[in-house]
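# Topology and contacts: notes
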Amino acid sequence: MITKKAYAKVNLTLDITGRREDGYHLVRMVMQSLDVADVLTFEKTETDSHEDPENRIITRLTDNRNTDSDELGTLPNGPDNLIYRVAELLMKKYVWPEHPESGVEITLEKNIPIAAGLAGGSSDAAATFKGINELFELGLMDDDLMNMGVSLGADIPYCIMGGTALSEGIGEKLTRLPALPKCYILLAKPNISVSTGEAYGGYDRLASEAQEEETISGGKVTREILAGSVGKLYRIYGDRKLEIPDVDGQVDAIYAGNLKGVTDKMANVLEYVTAEKHPEIEQLKKVMMDTGALRSMMSGSGPTVYGIYRDRDEAVKAAELIGEMDTVEQVFVAEPV
């Protein structure tokens, strides 16, 4: 039996720089994995080689987020289950051609919130790539797994790599960065869920509406980046001004080991879209800033909000305060890994 941890991640920055013809968004973002993790176990089984593949791969769930969850038990096999899809890919390509009787049972202990902007599903998939590779002694390198993973999800290659990294392209171009200076990260997930498609779709609509407005008025769409009054960067969409991250500046701060420099450069272009519909996000950001966070921001497509603290006691006290809010579903104090 093999056990693997699937770590949550936060975006320290997230910018959208374009869109490919196939619909994938081009991004530049700095990613950081945290010690909040799902746990997956992998165990070999033997089956009739003529069994349907769905009967040779079994995925089960134990849910630590809510003991009354309807999701307890066996996860559905098939395309809606990313863990299953990874296992099926590896079994078909590397295991069944020589050992058609082989099967695998995968148990997921779920701790990371779902649809929260923390890459829980992608991280589970990454752990499955690693677990199957080790269980069946396939001998695949991380680069091999990352190249296969991007076809199933743009965040999967990063989740295989982990740590601190610059992510570009659609998420598959990765540059490993030095570890963050010592800090504590408070995560708060409101009792709402936001799909990745919903957030990116909202950003696309924002850009297209600006295009239509300017076309009707005969003007020209402004896409320039302007320097803000306190050194922040903005992108103009119609009459809306969105703060965007200084990704290069943040990378420099990471190399310099300057935590304040890292937090000063934090920004997420999807935050505007999600926060416009969910005021809980701004409320949580304010509480974190009022309780000592160097900076607070929404992670990924949201709705999870996080704050970076130098002092663990401040982060714990803030977590206790936020945990009493009716709008909050889960709270964690985490550290970078």
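Residues numbered from 1 in each chain as written. Predicted model: local features only at pLDDT ≥ 70, side-chain atom pairs only at ≥ 80, totals over all residues. Heavy atoms only, no water.

### A short note on the overall build of the chain
- Helix and strand content of the chain: 11 helices and 15 strands.
- Expressed as a percentage of its 337 residues, the buried residues of the chain come to 52%.
- The long-range fraction of contacts in the chain, counting pairs at least 24 apart against all pairs at least 6 apart in sequence, stands at 69%. (Helix = DSSP H or I, 4+ residues; strand = E, 2+ residues; numbered from the N terminus. Buried < 20%, exposed > 50% of the residue type's maximum accessible area, 1.4 Å probe, protein only. Contact = heavy atoms within 4.5 Å.)

### A few points about the sheet that holds strand β14 (residues 305-309)
- One open sheet accounts for four strands, arranged β13-β14-β8-β15; its pairing is antiparallel. Every other strand in the sheet has two partners, leaving β13 (295-298) and β15 (328-334) as the edge strands with one partner each. Strand-to-strand, the axes of this sheet are offset by a mean angle of 15 degrees, without reference to chain direction.
- Here strand β8 (residues 184-190) runs beside β14; their pairing, made up of five bridges, is antiparallel. Of the residues in β14, the one forming a bridge with L186 is G307. (Pairing = 2+ DSSP bridges. Axes fitted to C-alpha atoms, helices over the stretch in contact; angles between N-to-C directions.)

### Quick notes on the packing of helix α2 (residues 82-95) against helix α3 (residues 120-135)
- Between α2 and α3, whose axes approach to 8 Å, the crossing angle comes to 30 degrees. Considering the angle they form, α2 stands roughly parallel to α3. Crossing geometry of α2 relative to α3 is assigned as right-handed. Two secondary-structure elements touch here, α2 through L82, I83, V86, A87, L89, L90 and M91 and α3 through G121, S122, D124, A125, T128, F129 and I132. (Parallel < 35°, antiparallel > 145°, perpendicular 65-115°, else oblique. Left-handed = near helix turned anticlockwise from the far one by under 90°.)

### Quick word on the pattern of salt bridges
- All told, the structure shown has 16 salt bridges when counted by the stated rule.
- When the shortest N-O distance is used, the salt bridge between D124 and K110 registers 3.2 Å. Of the two residues, D124 is situated in helix α3 and K110 in strand β5 (residues 102-110); the sequence distance between them amounts to 14 residues. Here the two residues D124 and K110 agree in accessibility, since each one is buried.
- Between K286 and D290 there is a salt bridge, with the nearest N and O atoms lying 2.7 Å from each other. With a gap of four residues between them, K286 and D290 both fall in helix α10 (residues 280-290), about one helical turn apart. There is no split in this pair, since K286 and D290 are both exposed. (Salt bridge = Lys/Arg side-chain N within 4 Å of Asp/Glu carboxyl O.)

### Observations concerning helix α7 (residues 247-256)
- Within the sequence span of α7, burial applies to V247, G249, Q250, V251, A253 and I254.
- Contact partners of the buried residues in α7: β1 (2-19), β2 (25-46), β6 (164-169) and α8 (259-264).
- Backbone geometry just downstream of α7 places G257 in the positive-phi region, at approximately 70 degrees.

### Some details on the pairing of β6
- Extensive coverage of β6 is indicated by the burial of five of its six residues.
- Relative to β6, β2 is paired through six bridges, and the arrangement is antiparallel. Counted as the bridge partner of V30 is L166 from β6.
- Across four bridges, β6 lies against strand β7 (residues 173-176) in antiparallel orientation. The residue bridging A165 from the neighbouring strand is R176, located in β7.
- Here β6 hands over to β7 after three residues, with G171 in that stretch at a positive phi of 120 degrees.

### Here we look at the packing of helix α9 (residues 269-277) against α10
- Two elements in contact, α9 and α10, have axes separated by 7 Å at closest approach and are oriented at 115 degrees. If you check the angle between α9 and α10, you find them roughly perpendicular. Listed contacts from α10 to E271, T274 and A275 of α9 are I281, E282 and K285.
- Residues of the contact of α9 with α10, tallied by class, amount to two nonpolar, one polar and three charged. (Nonpolar A, V, L, I, M, F, W, Y, C, P; charged D, E, K, R; others polar.)

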